[in-house]
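Listed below, chain by chain, are the residues.
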Amino acid sequence: RKEVEQDPGPFNVPEGATVAFNCTYSNSASQSFFWYRQDCRKEPKLLMSVYSSGNEDGRFTAQLNRASQYISLLIRDSKLSDSATYLCVVKGAPGYSTLTFGKGTMLLVSP
Amino acid sequence: DTGVSQDPRHKITKRGQNVTFRCDPISEHNRLYWYRQTLGQGPEFLTYFQNEAQLEKSRLLSDRFSAERPKGSFSTLEIQRTEQGDSAMYLCASSHTSENPTDTQYFGPGTRLTVL
């Protein structure tokens, strides 16, 4: 089983749609969770951290379910500029600072 | 620009040649990481430094790869006797030292290596 699994997509949605991405991770000792965004041929950029209580940043909502080892990202009112690959990222137990990335989910928002 | 910088941005080389990449982290960050990303995959961890000490190396880092951070500031990644399978984007990231779980890594623009 891969450490971090995501549906690669692509997800094709019209502007204004709501879209949700899911991710599962295998290491139950993982402590920190993030969503990064990566545009084509660019570096990954932090979109948001994910907390057990859930967190929201504008149109973006992230959720973590530790019992199920599951992370989600919800994007409301999609914009053309949201088109990118969304990487689910897990950081290990305290003392382990490296990040483990999923393969990413591609989102294409069309007019 | 106070972000992570990498040089060169692109490198084309012939199989068997040696290449060296440079990364300059965000100035106040103690930790520096190297990742490799191939098409359709997420970045994969290679190695990381805390100041000048190399603390962890992935099994992906074969004997042909070596990384240094001699003064705890910039880092270099060298690949000797390049192979076509080394073609990838090499990403550098940096972060604070703290073990705060929400501290994360900030990435440079990457060096895209093509081995012919």
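Below or above, wherever it landed, is the structure these notes cover. (Residues numbered from 1 in each chain as written. Chains lettered and ligands numbered in written order. Predicted model: local features only at pLDDT ≥ 70, side-chain atom pairs only at ≥ 80, totals over all residues. Heavy atoms only, no water.)

A few words on the pattern of salt bridges. By the definition in use, this model includes 7 salt bridges over all chains. Notably, a salt bridge pairs Asp77 of chain A with Lys79 of chain A, separated by 2.9 Å at the nearest N-O pair. In this structure Asp77 of chain A comes out as partly exposed when scored by relative accessible area, which is 36%. Two residues, Arg64 of chain B and Glu83 of chain B, come together in a salt bridge whose shortest N-O distance is 3.4 Å. Of this pair, Arg64 of chain B sits in the loop between β6 (53-57) and β7 (65-68) while Glu83 of chain B sits in the loop between β8 (75-79) and β9 (88-95), and the two are 19 residues apart along the sequence. Of the residues examined, Glu83 of chain B reaches a relative accessible area of 41% and is grouped as partly exposed. The network of salt bridges with common partners includes Arg64, Glu83 and Asp86 of chain B. (Salt bridge = Lys/Arg side-chain N within 4 Å of Asp/Glu carboxyl O. Buried < 20%, exposed > 50% of the residue type's maximum accessible area, 1.4 Å probe, protein only. Helix = DSSP H or I, 4+ residues; strand = E, 2+ residues; numbered from the N terminus.)

It is worth spelling out the layout of surface pockets at this point. By volume, the largest pocket is sized at about 770 Å³. Considering the residues around the largest pocket, the lining is formed by 27 residues, among which Glu3, Leu99, Thr100 and Phe101 of chain A together with Phe45 of chain B are closest to the centre. Secondary structure elements with two or more residues in the lining of the largest pocket: β10 (99-101) of chain A together with β5 (44-50) and β6 of chain B. A total of 3 residues in the lining of the largest pocket trace back to one element, the largest contributor, which is β10 of chain A. The residue inventory of the lining of the largest pocket, partitioned by class, reads 11 nonpolar, 9 polar and 7 charged. If you add up the space inside the second largest pocket, you get close to 620 Å³. Taken together, 27 residues make up the lining of the second largest pocket; nearest its centre are Gln38 and Arg41 of chain A together with Gln37, Leu39 and Gly40 of chain B. (1 Å grid on protein atoms, 1.4 Å probe; cavity = no way out; pocket = protein on both sides within 12 Å on 5 of 7 lines; lining within 4 Å. Points joined across faces, edges and corners; volume = space filled by probe spheres on them. Nonpolar A, V, L, I, M, F, W, Y, C, P; charged D, E, K, R; others polar.)

Residues and elements named next belong to chain B. Pairing in this open sheet of 4 strands is antiparallel, and the strands run β1-β3-β8-β7 from one edge to the other. Because the sheet does not close on itself, it has two edges, and the strands there are β1 (5-7) and β7. Strand-to-strand, the axes of this sheet are offset by a mean angle of 15°, without reference to chain direction. Pairing of β1 with strand β3 (residues 19-24) involves 3 bridges; the strand directions are antiparallel. Counted as the bridge partner of Gln6 is Cys23 from β3. (Pairing = 2+ DSSP bridges. Axes fitted to C-alpha atoms, helices over the stretch in contact; angles between N-to-C directions.)

With that settled, consider the interface of chain B and chain A. Each partner contributes to the interface: chain B provides 25 residues, whereas chain A provides 20 residues. Note on chain B versus chain A: buried area summed over both sides is about 1800 Å², and carbon and sulfur give 51% of it. The interface formed by chain B and chain A includes 0 salt bridges. There are 4 residue pairs in polar contact (both at pLDDT 80 or more) connecting chain B and chain A. The dominant element in the side of chain B that touches chain A, judged by the number of residues it contributes, is strand β4 (residues 31-37) of chain B, at 4 residues. A breakdown of the residues in the side of chain B that touches chain A according to their chemical character gives 11 nonpolar, 9 polar and 5 charged. (Contact = heavy atoms within 4.5 Å. Buried area = accessible area lost by both parts, 1.4 Å probe. Polar contact = N/O pair within 3.5 Å; in protein donor to acceptor, adjacent residues only side chain to side chain.)

Residue and element names in this part refer to chain A. Pairing is antiparallel in the open sheet, where 5 strands are placed in the order β1-β3-β8-β7-β6. Of all strands in the sheet, those bounded by a partner on one side alone are β1 (4-6) and β6 (55-57). For this sheet the average axis-to-axis angle between neighbouring strands, irrespective of direction, equals 20°. Bridge count for β1 against strand β3 (residues 19-25) is 3 bridges, and the pairing is antiparallel.

On to the state of the cysteines, then. All names here are of chain B. Within the structure shown, the criterion is met by 2 disulfides over all chains. For Cys23, the disulfide goes to Cys92, at an S-S distance of 1.8 Å. Disulfide Cys23-Cys92: torsion about the S-S bond near -70°, hence left-handed. With Cys23 in strand β3 and Cys92 in strand β9, the pair connects residues that are 69 residues apart, well separated along the chain. Residues Cys23 and Cys92 agree in their burial class; the two are buried. (Disulfide = S-S within 2.5 Å.)

All names here are of chain B. Burial of β8 is one-sided: the residues Ser75, Leu77 and Ile79 facing one way are buried, the residues Thr76 and Glu78 facing the other way are not. Strand direction decides the pairing type here: β3 and β8, joined by 5 bridges, are antiparallel. Looking at the pairing, Val19 lines up with Ile79 of β8. Bridging between β7 and β8 involves 4 bridges; their strand directions are antiparallel. Within β8, the residue paired with Glu68 across the bridge is Thr76. Adjacent in sequence and paired antiparallel, β7 and β8 are bridged by 6 residues, among which Gly72 carries a positive phi angle near 70°.

The quantities given are spatial measurements derived from coordinates; they are silent on function.
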